Amino acid sequence: MIASDDFNDFSATGVDDYHQYFGTPTHDDHVLFELLIVGILQVGLSWQAAASQLPVLRQQMAGLQVEVVAGYDDFDLERLLQAPNVMRNGRKLHAIIQDAQAIVKIQQQYGSFEAYLWAFVAQAPFHMPAPDNELPTQSALGTRVAADLHRHDFTFVGPVVTQMFLLAAGIIQVD
(Lines give C-alpha, C1' and ligand atoms only; values in the text may rest on other atoms or scores of the structure.)
Protein backbone atom coordinates (compact mmCIF):
# COMPACT_ATOMS: atom_id res chain seq x y z
CA MET A 1 0.00 0.00 0.00
CA ILE A 2 1.23 3.51 -0.71
CA ALA A 3 1.43 4.88 2.81
CA SER A 4 3.67 6.91 5.07
CA ASP A 5 5.01 3.69 6.61
CA ASP A 6 5.33 1.40 3.56
CA PHE A 7 9.13 1.29 3.65
CA ASN A 8 9.24 -2.51 3.99
CA ASP A 9 6.23 -3.37 1.83
CA PHE A 10 7.99 -5.36 -0.88
CA SER A 11 5.13 -7.71 -1.73
CA ALA A 12 2.63 -5.09 -2.92
CA THR A 13 1.77 -4.96 -6.59
CA GLY A 14 2.35 -1.24 -6.83
CA VAL A 15 -0.24 -1.06 -9.61
CA ASP A 16 -3.31 -1.68 -7.43
CA ASP A 17 -1.91 0.50 -4.67
CA TYR A 18 -1.22 3.42 -7.01
CA HIS A 19 -4.60 3.04 -8.73
CA GLN A 20 -6.42 3.04 -5.37
CA TYR A 21 -4.41 5.98 -4.05
CA PHE A 22 -4.59 8.14 -7.20
CA GLY A 23 -6.40 11.42 -6.51
CA THR A 24 -6.25 11.19 -2.72
CA PRO A 25 -5.22 14.55 -1.21
CA THR A 26 -1.71 13.80 0.02
CA HIS A 27 0.01 15.57 2.90
CA ASP A 28 2.86 13.14 3.54
CA ASP A 29 6.33 13.69 2.09
CA HIS A 30 7.09 9.98 1.74
CA VAL A 31 3.89 9.30 -0.19
CA LEU A 32 4.50 12.37 -2.35
CA PHE A 33 7.99 11.05 -3.15
CA GLU A 34 6.58 7.68 -4.22
CA LEU A 35 3.93 9.36 -6.40
CA LEU A 36 6.64 11.51 -7.99
CA ILE A 37 8.71 8.38 -8.67
CA VAL A 38 5.81 6.85 -10.60
CA GLY A 39 5.63 10.06 -12.65
CA ILE A 40 9.35 9.92 -13.41
CA LEU A 41 9.24 6.25 -14.37
CA GLN A 42 6.08 6.70 -16.44
CA VAL A 43 7.82 8.80 -19.10
CA GLY A 44 7.50 6.67 -22.23
CA LEU A 45 5.75 3.83 -20.36
CA SER A 46 2.32 3.01 -19.00
CA TRP A 47 1.47 4.05 -15.47
CA GLN A 48 1.05 0.35 -14.67
CA ALA A 49 4.65 -0.45 -15.69
CA ALA A 50 5.87 2.53 -13.66
CA ALA A 51 3.81 1.75 -10.55
CA SER A 52 4.87 -1.91 -10.61
CA GLN A 53 8.39 -0.72 -9.77
CA LEU A 54 7.43 0.74 -6.36
CA PRO A 55 7.87 -2.48 -4.31
CA VAL A 56 11.09 -3.31 -6.17
CA LEU A 57 12.52 0.15 -5.56
CA ARG A 58 11.49 0.07 -1.90
CA GLN A 59 13.49 -3.12 -1.54
CA GLN A 60 16.52 -1.85 -3.45
CA MET A 61 16.46 1.80 -2.28
CA ALA A 62 16.16 1.72 1.52
CA GLY A 63 12.37 1.74 1.56
CA LEU A 64 12.41 4.88 -0.62
CA GLN A 65 13.22 6.95 2.45
CA VAL A 66 13.90 10.30 0.84
CA GLU A 67 16.76 11.23 3.18
CA VAL A 68 18.60 7.99 2.44
CA VAL A 69 18.00 8.09 -1.31
CA ALA A 70 19.23 11.70 -1.37
CA GLY A 71 22.60 10.42 -0.14
CA TYR A 72 23.04 7.92 -2.98
CA ASP A 73 26.07 8.29 -5.23
CA ASP A 74 27.37 6.81 -8.50
CA PHE A 75 28.21 3.53 -6.76
CA ASP A 76 24.59 3.19 -5.61
CA LEU A 77 23.34 4.01 -9.10
CA GLU A 78 25.51 1.26 -10.59
CA ARG A 79 24.28 -1.18 -7.95
CA LEU A 80 20.68 -0.34 -8.86
CA LEU A 81 21.36 -0.87 -12.54
CA GLN A 82 22.55 -4.40 -11.73
CA ALA A 83 19.82 -5.25 -9.22
CA PRO A 84 17.23 -7.86 -10.24
CA ASN A 85 13.86 -6.55 -11.46
CA VAL A 86 14.89 -2.88 -11.32
CA MET A 87 14.09 -0.87 -14.42
CA ARG A 88 17.34 -0.49 -16.36
CA ASN A 89 17.06 3.20 -17.15
CA GLY A 90 20.00 5.03 -15.62
CA ARG A 91 18.58 8.46 -16.45
CA LYS A 92 15.35 7.75 -14.57
CA LEU A 93 17.15 6.21 -11.60
CA HIS A 94 19.48 9.21 -11.48
CA ALA A 95 16.43 11.50 -11.62
CA ILE A 96 14.93 9.73 -8.58
CA ILE A 97 18.15 10.36 -6.65
CA GLN A 98 18.44 13.97 -7.83
CA ASP A 99 14.80 14.67 -7.00
CA ALA A 100 15.26 13.15 -3.53
CA GLN A 101 18.12 15.62 -3.02
CA ALA A 102 15.86 18.44 -4.21
CA ILE A 103 13.10 17.34 -1.82
CA VAL A 104 15.54 17.45 1.12
CA LYS A 105 16.46 21.03 0.15
CA ILE A 106 12.75 21.93 -0.15
CA GLN A 107 12.14 20.44 3.30
CA GLN A 108 14.92 22.58 4.73
CA GLN A 109 13.58 25.72 3.06
CA TYR A 110 9.80 25.24 3.43
CA GLY A 111 9.53 22.80 6.34
CA SER A 112 8.20 19.98 4.14
CA PHE A 113 7.68 19.02 0.51
CA GLU A 114 3.96 18.91 1.28
CA ALA A 115 3.92 22.53 2.51
CA TYR A 116 5.77 23.67 -0.60
CA LEU A 117 3.38 21.89 -3.01
CA TRP A 118 0.11 22.75 -1.28
CA ALA A 119 1.08 26.45 -1.13
CA PHE A 120 0.50 26.55 -4.90
CA VAL A 121 -3.22 25.90 -4.27
CA ALA A 122 -3.62 27.76 -0.95
CA GLN A 123 -3.91 24.42 0.93
CA ALA A 124 -7.09 23.31 -0.89
CA PRO A 125 -7.33 21.02 -3.93
CA PHE A 126 -7.58 22.88 -7.23
CA HIS A 127 -10.65 21.72 -9.16
CA MET A 128 -10.65 21.68 -12.92
CA PRO A 129 -13.07 20.29 -15.49
CA ALA A 130 -12.38 16.98 -17.22
CA PRO A 131 -13.89 17.26 -20.69
CA ASP A 132 -15.09 13.90 -22.01
CA ASN A 133 -14.01 12.31 -18.69
CA GLU A 134 -10.37 12.47 -19.80
CA LEU A 135 -7.71 13.49 -17.33
CA PRO A 136 -6.19 16.77 -18.49
CA THR A 137 -2.53 16.12 -19.30
CA GLN A 138 -1.52 19.75 -18.81
CA SER A 139 -2.74 22.86 -17.06
CA ALA A 140 -1.44 26.33 -16.28
CA LEU A 141 -0.99 25.21 -12.66
CA GLY A 142 0.96 22.09 -13.63
CA THR A 143 3.19 24.13 -15.94
CA ARG A 144 3.84 26.72 -13.20
CA VAL A 145 4.67 24.03 -10.61
CA ALA A 146 6.94 22.24 -13.13
CA ALA A 147 8.89 25.44 -13.76
CA ASP A 148 9.30 26.03 -10.03
CA LEU A 149 10.38 22.42 -9.44
CA HIS A 150 13.07 22.92 -12.11
CA ARG A 151 14.14 26.11 -10.33
CA HIS A 152 14.65 23.93 -7.24
CA ASP A 153 16.87 21.46 -9.18
CA PHE A 154 14.28 18.75 -9.86
CA THR A 155 14.59 16.80 -13.10
CA PHE A 156 12.17 14.71 -15.21
CA VAL A 157 9.34 17.02 -14.10
CA GLY A 158 8.03 18.64 -17.25
CA PRO A 159 4.47 19.97 -17.46
CA VAL A 160 2.89 16.58 -18.29
CA VAL A 161 4.74 14.62 -15.58
CA THR A 162 4.02 17.35 -13.05
CA GLN A 163 0.34 17.49 -14.03
CA MET A 164 -0.04 13.74 -13.51
CA PHE A 165 1.88 13.95 -10.23
CA LEU A 166 -0.42 16.73 -8.98
CA LEU A 167 -3.47 14.69 -10.02
CA ALA A 168 -2.09 11.57 -8.30
CA ALA A 169 -1.45 13.59 -5.13
CA GLY A 170 -4.96 15.08 -5.14
CA ILE A 171 -3.57 18.59 -5.39
CA ILE A 172 -5.44 18.94 -8.69
CA GLN A 173 -8.81 17.23 -8.80
CA VAL A 174 -11.03 16.87 -11.83
CA ASP A 175 -14.78 17.41 -11.85
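Residues numbered from 1 in each chain as written. Predicted model: local features only at pLDDT ≥ 70, side-chain atom pairs only at ≥ 80, totals over all residues. Heavy atoms only, no water.

A. Quick peek at the overall build of the protein. Along the backbone of the protein there are 10 helices and two strands. Listing each helix as α and each strand as β along the protein from the N terminus yields α-α-α-α-α-α-α-α-β-α-α-β. Relative to the globule expectation of 16 Å for 175 residues, the C-alpha radius of gyration of the protein, 15 Å, shows essentially globular dimensions. Its C-alpha atoms put the protein at 45 × 35 × 30 Å along the principal axes. Burial status across the protein gives 51% buried among its 175 residues. Across the protein, the fraction of contacts at a sequence separation of at least 24, relative to all contacts at a separation of at least 6, is 69%. For the protein, the computed accessible surface area is about 8,000 Å², with 53% contributed by carbon and sulfur atoms. Here the protein contributes 8 positively and 20 negatively charged side chains, and the mean placements of these two sets differ by 8 Å. (Helix = DSSP H or I, 4+ residues; strand = E, 2+ residues; numbered from the N terminus. Rg over C-alpha atoms; globule rule 2.2 N^0.38 Å. Buried < 20%, exposed > 50% of the residue type's maximum accessible area, 1.4 Å probe, protein only. Contact = heavy atoms within 4.5 Å. Areas by Shrake-Rupley, 256 points an atom, 1.4 Å probe, with all protein chains shown as cover. Lys, Arg positive; Asp, Glu negative; His and termini not counted. Charge placed at Lys NZ, Arg CZ, Asp CG, Glu CD.)

B. Region of interest: the nonpolar core. One finds Phe33, Leu35, Leu57, Met61, Ile96, Phe113 and Phe154 to be the most contacted residues of the largest nonpolar core, which totals 58 residues. Broken down by element, this core gets its largest block of residues, nine residues, from helix 2 (residues 29–42). With residues near it in sequence (within four places) discarded, Phe113 still touches Asp29, Leu32, Ile103, Ile106, Gln107, Leu149, Phe154 and Phe165. (Core = buried A, V, L, I, M, F, W, Y, C linked by side-chain atoms within 4.5 Å.)

C. Representation of unusual backbone geometry in the model. Phi is positive for Ala62, which is not a glycine, with a value near 50 degrees. Following the sequence through the fold, Ala62 ends up in the loop between helix 4 (54–60) and helix 5 (66–69). Phi at Ala122 takes a positive value of approximately 50 degrees, unusual for a residue other than glycine. Turning to its location among the elements, Ala122 is positioned in the loop between helix 8 (113–119) and strand 1 (126–128).

D. Examining the packing of aromatic side chains more closely. Scanning all chains against the criterion turns up seven aromatic pairs. Between Phe113 and Phe165, the ring centres sit 6.2 Å apart and the planes meet at 15 degrees, which makes this aromatic pair stacked. Placement of the pair is Phe113 in helix 8 and Phe165 in helix 10 (residues 159–168), with a sequence separation of 52 residues. For the pair Phe113 and Phe165, one class covers both residues: buried. (Phe/Tyr/Trp six-rings, centres within 6.5 Å; stacked < 30°, edge-to-face > 60°.)

E. Region of interest: the packing of helix 2 against helix 10. One can describe the packing of helix 2 onto helix 10 by two numbers: an axis separation of 9 Å at closest approach and a directional angle of 145 degrees. At the point where helix 2 passes helix 10, the crossing takes the right-handed sense. Only Val161, Phe165 and Ala168 of helix 10 make contact with helix 2, whose side of the interface consists of Leu32, Leu35, Leu36, Gly39 and Ile40. For the contact of helix 2 with helix 10, the per-class residue count stands at seven nonpolar, one polar and no charged. (Axes fitted to C-alpha atoms, helices over the stretch in contact; angles between N-to-C directions. Left-handed = near helix turned anticlockwise from the far one by under 90°. Nonpolar A, V, L, I, M, F, W, Y, C, P; charged D, E, K, R; others polar.)

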